[in-house]
Amino acid sequence: MPQDRHDLIVRHATLPDGRRGTDVLVQGGRIAALGPALVAPAGTPELDAAGWLLAPPFVDAHFHMDATLSVGLPRLNRSGTLLEGIALWGELKPQLTQDALVERALQYCDWAVARGLLAIRSHVDVCDDRLLAVEALLHVREKVMPYLDLQLVAFPQDGLLRSPTALVNLKRALDLGVDVVGGIPHFERTMVDGAESVRILCELAAERGLRVDMHCDESDDPLSRHVETLAFHTQRLGLHGRVTGSHLTSMHSMDNYYVSKLLPLMAEAQLHAIANPLINITLQGRHDTYPKRRGMTRVPELLAAGINVGFGHDCVMDPWYSLGSGDMLEVAAMGLHVAQMTSQEGMRACFDAVTVNSARILGLDDHGLAVGKAGDFVLLQARDPIEAIRLRATRLAVVRRGRVVAQTPPATARLDLPGRPAAVDWTLQR
Ligand SMILES: [Zn+2]
């Protein structure tokens, strides 16, 4: 009988929790057993992990796939600010075509899979009466489904109340099948409008049984407090555990007393938080001279308050950020540095922020290394999660539902040095 294409036995893996010499048996695309020296049915394809780290796939909780890989179109961001990025995107929007959007998004998904990134929550701008980007990304979501979970957020980039057709378009996008309700309260014209947009959007999500993920307080203004309103409406509407505040950079600049009151409110509402370290360390603090604020939300304090925190990539080669490669270990490394999470527990938490924590934000019940979960993994050329971050470890193999979908040769170098006895092959990632 031909073997199921979704069967696989992984041998001799090290798991993120430190278990060594572990085998993982995948049958029909799901983890059927996990333990030492498993017996697999004859003919099951085998992947020898050789002691390297087998982790659940990376999850990017915050991305903009409609803008990705468009850097330089129609011009570069000269000031490096969020606001010039938004203006630039506004210039590009009328020139977008569906084919180009789809092509760039699919190319990015290829990069993502090669990097072991198998789930992405992407915001999609609904402030375009043609809904070109929405239709393009719905098509991409369908197309990549066999190998990547793409979750879409209806995002009113130009402001829900500020842009006359935003609310209508946002509802149209949800009708078409966009998964999550987005928002951008700090971009509305007044604080009052911002708060009103949060109320409208949370009520819309409650009516439709959807999750919420808002760009919230993405500024250095310590008085930008929309996250408080977001926590309030989450509680009022019983949306506990389904609402996420993205960015939350104003928290960096807030008064400590106020934050000591805010964190328990957020925890009570079971809000999730997403920091976007690469982007916020570059976009924020642009109006400062010195000292210059880091502009990332208070990650260790959020975690200590019991709030689930994920890290997002946010941008790759777009109007806001001209770098990036879909590498969530780079995101984790930047988050670790900016938040000074240098303890062993802190570094480990940064690995969780790009894997299990972000999977919780997306509501991916299938994610994780346990019997019954999806047979999705990334095999990293590292011995533990901290080493993976330190080395931006090579993704030796990426597995989706029991199928190896990407492989990268191990990083090695051949050294031939004067005064040494012989040339040696040196494994770089040790
Ligand atoms: Zn964003």
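Residues numbered from 1 in each chain as written. Predicted model: local features only at pLDDT ≥ 70, side-chain atom pairs only at ≥ 80, totals over all residues. Heavy atoms only, no water.

Engineer: It is not clear to me how the sheet that holds strand E1 (residues 8-13) should be interpreted in this structure. Could you clarify?
Structural biologist: Think of a sheet as strands paired side by side through backbone hydrogen bonds, with each pair either parallel or antiparallel. Judged by pairing direction, the sheet is mixed, and its four strands sit side by side in the order E3-E2-E1-E4 without closing on themselves. The sheet terminates laterally at strand E3 (30-35) and strand E4 (46-48), the two strands that pair on one side only. Within the sheet, the average angular offset between the axes of one strand and its neighbour, ignoring direction, is 15°. Bridge count between E1 and strand E2 (residues 22-27): four bridges; the pairing is antiparallel. Across the sheet, alanine 13 pairs through a bridge with threonine 22, a residue of E2. (Pairing = 2+ DSSP bridges. Helix = DSSP H or I, 4+ residues; strand = E, 2+ residues; numbered from the N terminus. Axes fitted to C-alpha atoms, helices over the stretch in contact; angles between N-to-C directions.)

Engineer: In this structure, what is going on with the pairing of E2? I would like to understand it.
Structural biologist: Regular strands show a simple pattern: their side chains alternate between the two faces of the sheet. Of all six residues in E2, five are buried; the element is thus mostly enclosed. Where E2 hands over to E3, the hairpin turn is made up of two residues, of which glycine 28 adopts a positive phi near 60°. (Buried < 20%, exposed > 50% of the residue type's maximum accessible area, 1.4 Å probe, protein only.)

Engineer: Help me understand unusual backbone geometry, please; the structure alone is not making it clear to me.
Structural biologist: Peptide bonds are, in most cases, trans, and in most cases residues other than glycine have a negative phi. Omega for the bond connecting leucine 73 with proline 74 falls within 30 degrees of zero, at -15°, which places this linkage in the cis form. With respect to the helices and strands, proline 74 occurs in the loop between strand E6 (58-63) and helix H1 (82-92). In this structure, proline 291 follows tyrosine 290 across a cis peptide bond, with omega equal to -5°. On the secondary structure map, proline 291 appears in the loop between helix H9 (277-283) and helix H10 (299-304). You will see that alanine 37, though not glycine, has its phi angle at about 45°, which is positive. Examined against the element boundaries, alanine 37 turns out to sit in the loop between E3 and E4. Its identity as a non-glycine residue notwithstanding, leucine 69 has a phi of 60°, on the positive side. Under the relative-accessibility criterion, leucine 69 is labelled buried at 16%.

Engineer: Sorry, what's going on with the coordination of the zinc ion here?
Structural biologist: Octahedral six-donor coordination of a metal ideally yields angles of 90 or 180 degrees, compared with 109.5 degrees for tetrahedral four-donor coordination. For the zinc ion, the full set of protein donor atoms is His62 (NE2), His64 (NE2), His215 (NE2) and Asp314 (OD), at a range of 2.1 to 2.6 Å. Around the zinc ion sit four donor atoms; with metal-centred angles ranging over 86 to 178°, the donor geometry is irregular. (Donors = N, O, S within 2.8 Å, 3.2 Å for Na, K, Ca; no water. Tetrahedral: all angles 85-135°; square planar, octahedral: opposite > 155°, others 65-115°.)

Engineer: Honestly, the sheet that holds strand E16 (residues 403-407) in this entry has me stumped. Any pointers?
Structural biologist: Read from one edge of the open sheet, four strands run E5-E14-E15-E16, paired in antiparallel fashion. In the strand order of this sheet, the two ends are held by strand E5 (53-55) and E16, each with one partner. Shown here is a sheet whose adjacent strand axes are inclined to one another by a mean of 20°, direction ignored. Pairing of strand E14 (residues 377-380) with strand E15 (residues 395-400) involves four bridges; the strand directions are antiparallel. Each bridged residue has a counterpart across the sheet, and for leucine 379 the counterpart in E15 is alanine 397.

Engineer: I'm lost on H1 in this one. Help?
Structural biologist: An α-helical segment advances 3.6 residues per turn. Residues three or four places apart therefore align on the same side. Residues of H1 that are buried include every one of Leu82, Glu84, Gly85, Ile86, Leu88, Trp89 and Leu92, and no others. In this structure, the buried residues of H1 make contact with strand E7 (117-125) and H9. (Contact = heavy atoms within 4.5 Å.)

Engineer: So what exactly am I meant to see when it comes to the environment of aspartate 7 here?
Structural biologist: Examined against the element boundaries, aspartate 7 turns out to sit in the segment before E1. By relative accessible area, aspartate 7 is classed as buried at 10%. Between the C-alpha atoms of aspartate 7 and glutamine 27, which are 20 residues apart in sequence, the distance is 4.5 Å. Each residue touching aspartate 7, except ones within four places of it in the same chain, is listed here: Val26, Gln27, Gly28, Thr44, Pro45 and Gly402. A polar contact of 2.8 Å, which involves the side chain of aspartate 7, links it to the backbone nitrogen of glycine 28. (Polar contact = N/O pair within 3.5 Å; in protein donor to acceptor, adjacent residues only side chain to side chain.)

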